[in-house]
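Residue-level structure breakdown
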Amino acid sequence: MILDPAAGSWNDAYRLVTSVVVPRPIAFVSTLGPDGVPNLAPFSFFTVVCANPLTICFAPMRRGPAAEKKDTLKNLEASGEFVVNVVDERWADAMNLTSADFAPEVSEFEAAGFTPAACEVVKAPRVLESPVSLECQTYQVVEVGQGPGSGSLVIGTVVRAHVRDDVFLDGAVRPSAGWQPIARCGGATYIRLTDTFELARPAAPPPAPAGR
């Protein structure tokens, strides 16, 4: 089977790619609106860019007939900052609630029962319940496409990391009893991190001697 993503609707393309690119970690992004109302929303188009400087990215899509920008994008464009909080399975339902289309004047923190906590550099609050929160300053926003199904690639420089002591070991964050991460698959399907294995990066074999 060969599929041309441009031949169908953007919804068809979305269903295809979100069922192929799995699992996807969830960026639980908090921002502060110009009116002072904190916003909170999950995004599964999320990954790392580089380590020097430490940079991450996520991509809010535009949906609906008007293809309007999400409140998260509007807020970070106005403020130049945002916070990425990691998600714990124990409050997955509350996280999912924040994905509803609340009015801009409604704080998802309050609606879903999360606790806003002060950051050190950015003005946007972090999620107190999250074991890891990354304060970010917006590096660049790249617009991709037009209309419904288009998106914005938000690239942010991490300026502070808040890591709870019980999940930090040997310089890295470790899933444990203190943090049970989940990830997004296609449709309404999520997965738990219940099993892991390790593969050390191999060394390249030496080149064959000349003349052979």
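The structure this text deals with has already been given above.
Residues numbered from 1 in each chain as written. Predicted model: local features only at pLDDT ≥ 70, side-chain atom pairs only at ≥ 80, totals over all residues. Heavy atoms only, no water.

For Arg62, the location among the structural elements is in the loop between strand S5 (54–58) and helix H2 (71–79). Residue classification places Arg62 among the buried positions, given a relative accessible area of 18%. Looking at Arg62, its side chain comes within polar contact range of the side chain of Glu143, at 3.1 Å. The contacts of Arg62, once residues within four sequence positions are left out, are Ala67, Glu68, Lys69, Glu143, Gly147, Pro148, Gly149, Ser150 and Ser152. (Helix = DSSP H or I, 4+ residues; strand = E, 2+ residues; numbered from the N terminus. Buried < 20%, exposed > 50% of the residue type's maximum accessible area, 1.4 Å probe, protein only. Polar contact = N/O pair within 3.5 Å; in protein donor to acceptor, adjacent residues only side chain to side chain. Contact = heavy atoms within 4.5 Å.)

Attention shifts here to the packing of aromatic side chains. According to the stated counting rule, one finds seven aromatic pairs in the structure shown. Their ring planes at 70 degrees and their centres at 5.4 Å tell us that Phe58 and Phe82 sit as a pair that is edge-to-face. Separated by 24 residues along the polypeptide, Phe58 in strand S5 and Phe82 in strand S6 (residues 81–85) bring together distant segments of the chain. The rings of Trp10, Tyr14 and Phe45 are connected pair by pair, giving a single aromatic cluster. Taking NZ or CZ as reference, Arg63 lies 4.9 Å from the ring centre of Tyr14, over its face. (Phe/Tyr/Trp six-rings, centres within 6.5 Å; stacked < 30°, edge-to-face > 60°. Lys NZ or Arg CZ within 6 Å of the ring centre and 35° of its normal.)

Take a nonpolar patch on the surface next. On the surface, a nonpolar cluster with roughly 630 Å² of combined accessible area is contributed by Met1, Leu3, Leu16, Val17, Val20 and Val21. Within the secondary structure layout, Leu3 lies in the segment before helix H1 (10–20). The exposure class assigned to Leu3 is exposed, which follows from its relative accessible area of 53%. (Patch = residues over 30% accessible without salt bridge, like charges linked within 9 Å, V, L, I, M, F, W, Y side chains within 5 Å. Areas by Shrake-Rupley, 256 points an atom, 1.4 Å probe, with all protein chains shown as cover. Salt bridge = Lys/Arg side-chain N within 4 Å of Asp/Glu carboxyl O.)

For the rest of this paragraph, the subject is the pairing of S5. For S5, a buried count of four out of five residues is recorded, marking the element as mostly surrounded by other parts of the structure. Across five bridges, the pairing between strand S4 (residues 46–51) and S5 is antiparallel. Residue pairing for S5: Thr47 is matched across the bridge by Cys57. The antiparallel pairing of S4 with S5 creates a hairpin that spans two residues between the two strands. Relative to strand S10 (residues 151–163), S5 is paired through four bridges, and the arrangement is antiparallel. Among the inter-strand pairings, Cys57 is bridged to a residue of S10, identified as Ile155. (Pairing = 2+ DSSP bridges.)

What follows deals with the sheet that holds strand S1 (residues 24–25). Read across the open sheet, the three strands follow the order S1-S13-S14; overall the sheet is antiparallel. Both edges of this open sheet fall to S1 and strand S14 (190–192), since each of them pairs with a single strand only. Across two bridges, S1 lies against strand S13 (residues 182–184) in antiparallel orientation. Looking at the pairing, Arg24 lines up with Arg184 of S13.

Turning our attention to the pairing of S6. Of all five residues that make up S6, five are buried, and the element is covered over most of its length. Note that S6 and strand S9 (residues 132–144) share five bridges and pair antiparallel. Each bridged residue has a counterpart across the sheet, and for Val83 the counterpart in S9 is Glu135.

Inspection of every chain in the model, using the stated rule, returns seven salt bridges. In this structure, Glu77 and Lys69 form a salt bridge, with 2.8 Å as the shortest nitrogen-oxygen distance. Taking the relative accessible area as the measure of exposure, Lys69 reaches 29% and is therefore partly exposed. For Asp166, the salt bridge identified is with Arg164, shortest N-O distance 2.7 Å. Overall, Arg164 belongs to the partly exposed group, its relative accessible area being 33%.

Locating Tyr190 in the fold gives a position in strand S14. Tyr190 gets classed as partly exposed once you look at its relative accessible area, which sits at 30%. Along the sequence, Tyr190 and Val22 sit 168 residues apart, while their C-alpha atoms lie 9.7 Å from each other. When sequence neighbours within four positions are dropped, the list of residues in contact with Tyr190 reads Ile26, Met95, Asn96, Ile182, Ala183, Arg184 and Cys185.

Worth remembering: the numbers are spatial, not functional.
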